[in-house]
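Fold and geometry: a report
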Amino acid sequence: MSATHHALYAPPPPRPRPPSPRPAVVLVGAGPRGTGLIERIAANAPELYGDAPLDLHLVDPYPPGAGRVWRRDQSPLLWMNSTAEDVTMFTDESVELRGPVRPGPSLAEWAGRVRAGEIPVPGELAEAVRGLGPRGFAGRQVQSAYLEWVYAQAVTALPEGVAVHEHRRRAVRVAGPRGGRQQVWLEGCSTPLAADLVVLALGHLDAQPPPEQRDLAAFAARHHLAYLPSGFTADADLDGLVPGEPVLVRGFGLAFVDLMVLLTEGRGGAYGTGPGGEPVYRPSGKEPVLYVGSRRGVPYHSKIGYPWQGERPPLPRYFGPAQVDELLARPGGYDFRRDVWPLIAKELGHAHYHRLFTAHPERVRADRAAFEEEYAAAEPFGAGLRALVAAAVPDPADRLDLDALDQPLAGVRHADADALQDGLRRCIEADLARRHDPAHSPDHAVFLALLSVYGQLVRLGDHGPWWHGFFSHLASGPPGPRLRQLLALSRAGVVRFLGAGTTVTADAERGAFVARSESVPGLRVEARALVEARIPQPTVACTKDALLRGLYEDGAAATRSGLLAVTPGDGRVLDRSGQPHPRRFALGPHTDARASGAFARPRTNAPAFRQNDATARALLRFLREHAVPEPAGCRSR
């Protein structure tokens, strides 16, 4: 056969195969939780993924690192409620994880490096950082700078094959088959992002008001009143709260503290120093009068104002992995108040009395080993336990009373509103004195036990508002200086206390809101403004987030206790049949495996860090096994 004939009938050369798409992950939410996940991806990639290509899409309308809650664009008057030495975004040797520990500076250590000139910050924050010591409380703008720095470090640590794409928009929908790539639609974009995996790290979300609040809003509209439903105080429009006029406030937690600050110092008021060194408030004349009440009727307990010293209680002891395993294995399930709460109470008591025996032995009347043996055998809340404690601890003030801590005003009644003001001020003053006195260090031990308990509860899912309220009341209170300011505002008449069991009704005849309280029988306070100083409950069904609500309404996501149901550990989203989606993950407060925060105290085995690590490893393993393109052979680059 001639060469010409051969060429004529030779098969055509193979057509070049189009390149495979680069693997892609869409991370919805680039605030602290998303940043923590990026840090764990960077830490685990050398082992699980190498330098293979990856597009990492970060979707968030707010600045990466800080996100919405910690963004720099908010009042410089607003603080964190944790000391600088108690805030970190980095893992340490205490964290139980499969990936490598990558240490990094706490907020206090970061501030020290800023002062040393190693890390630059914007000029307007330099003075605030200079004045921030380890036991100080940073402003949220300073925390924003720390989180932005952590984000930059995490992105820099990613392998060279990872390209990061920031999208300053909202994600509004996710779709796609279980066995194929997902599509994530962004607000204002006609073409979705394609992703092999999607992670929802949405953080705290706005919610539709519950029925009672909708009714109150409608009442306010009809009668031309001011009404602010539950929301994030830093984002609230406070202009409708008129100077000198009474404003009813429901909620006495951290949202109230923000409100208090913005309506006093935020309107030009200032603090001086009284003859005893106490703060004295000097009004600007632009403040309304805040009538504040709640179910408990008192603010959250002050943050503890002294560092830990000496032997730590051995935790966990009565509520640890073994007890959680037993609860999860029960065929009929478990009830939180019946089965879990007694174990928690015993754990808190164990920490309290361990500290009392080891740090304050002069205040006990028993042999420590014998007490611990009898304590271990005693039933939680039982008569035997009460008798044991009464015999060993002579001063009732040294005994742990969880009911009194939770409801300090239970059964307390005052003759009139002025007597209530005096009584509440004494209550707050006593709390401040106790929480800043190392002689009461068993309180600090209980705080450490609460952190341990929270870490174990992650495996059991969410337990509703009672537990979170109890935890926040004891462990997540405001800095001591804020409560001293509250006392100054009370003495100045800018804040008035309503007491426990506060209720608010709408009086159509008067065209006003009316507050009543159990603490003062017959008390009635009328106002034309009402603020719900409470963070919205993170329920999926009531969220304003279109993406999350769409997953729920389409049946693509299940809920437990109103929260997005996810697998323990790596956070895969469960559908309504209970099956985990292979390509969708979720982390944070809108899930039933929510941890206590995106950042944590150093050396506390923080559950959020454990979750981040497990999720990052699951993502990388999936990408390695299912999404990494085949080698391109000799194709030119």
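Heads up: the structure comes first, above all this text.
Overview of the structure. Keep in mind that what you see is a predicted model, and the values were worked out from it rather than measured. (Residues numbered from 1 in each chain as written. Predicted model: local features only at pLDDT ≥ 70, side-chain atom pairs only at ≥ 80, totals over all residues. Heavy atoms only, no water.)

This part takes up the overall build of the protein. Helix and strand counts for the protein come out as 18 helices and 23 strands. The C-alpha radius of gyration computed for the protein amounts to 28 Å, which stays within 12% of the reference 26 Å derived for 637 residues, consistent with globular compactness. With the C-alpha coordinates of the protein rotated into their principal frame, the extents come out at 115 × 65 × 55 Å. Look at the contacts in the protein between residues 6 or more apart in sequence, and 75% of them connect residues 24 or more apart. On the protein, roughly 28200 Å² of surface is accessible, and the fraction owed to carbon and sulfur atoms is 52%. Considering the protein, the positive charge centre built from 73 side chains and the negative charge centre built from 70 side chains are found 4 Å apart. (Helix = DSSP H or I, 4+ residues; strand = E, 2+ residues; numbered from the N terminus. Rg over C-alpha atoms; globule rule 2.2 N^0.38 Å. Contact = heavy atoms within 4.5 Å. Areas by Shrake-Rupley, 256 points an atom, 1.4 Å probe, with all protein chains shown as cover. Lys, Arg positive; Asp, Glu negative; His and termini not counted. Charge placed at Lys NZ, Arg CZ, Asp CG, Glu CD.)

In this section: the nonpolar core. Of all hydrophobic cores here, the largest spans 54 residues; its most connected members are Leu241, Leu248, Val249, Phe256, Leu486, Phe497 and Phe513. Per-element accounting of this core gives the leading share, eight residues, to helix α7 (residues 254–263). Apart from the residues within four sequence positions on either side, Phe497 is in contact with Phe252, Val292, Leu420, Gln421, Leu424, Arg425, Ile428, Leu486 and Ser490. Counting residues in each nonpolar core, the second largest holds 30 residues, with Ala30, Ala45, Leu56 and Leu587 among its members. (Core = buried A, V, L, I, M, F, W, Y, C linked by side-chain atoms within 4.5 Å. Buried < 20%, exposed > 50% of the residue type's maximum accessible area, 1.4 Å probe, protein only.)

Attention shifts here to the sheet that holds strand β17 (residues 512–516). With respect to topology, three strands assemble into an open sheet ordered β16-β17-β18, the strand pairing being antiparallel. Strand pairing shows two members of the sheet lacking a second neighbour, β16 (503–507) and β18 (525–527), which therefore form its edges. For this sheet, the mean inter-axis angle between neighbouring strands, taken without regard to orientation, is 30°. With three bridges joining them, β17 and β18 adopt antiparallel strand pairing. Within β18, the residue paired with Phe513 across the bridge is Ala527. (Pairing = 2+ DSSP bridges. Axes fitted to C-alpha atoms, helices over the stretch in contact; angles between N-to-C directions.)

What follows concerns the sheet that holds strand β11 (residues 246–250). In space, the five strands of this open sheet follow the order β10-β19-β11-β14-β15, with parallel pairing throughout. The outermost strands of the open sheet, each flanked by one partner alone, are β10 (226–228) and β15 (495–499). The average undirected angle you get between the axes of adjacent strands in this sheet is 20°. Running at roughly 155° to β10, helix α6 (residues 211–223) makes contact with β10, β11 and β19 (529–532) of the sheet. On top of the sheet, α7 reaches β11, β14 (289–293) and β19; it is set at about 175° to β14, its chief contact.

Looking now at the pairing of β16. Pairing geometry for β16 and β17, over five bridges, is antiparallel. When the sheet's bridge partners are listed, Thr505 is paired in β17 with Val514. Taking the residues that link successive antiparallel strands as the turn, the β16-β17 hairpin has four residues, and the phi of Gly511 there is positive, at about 65°.

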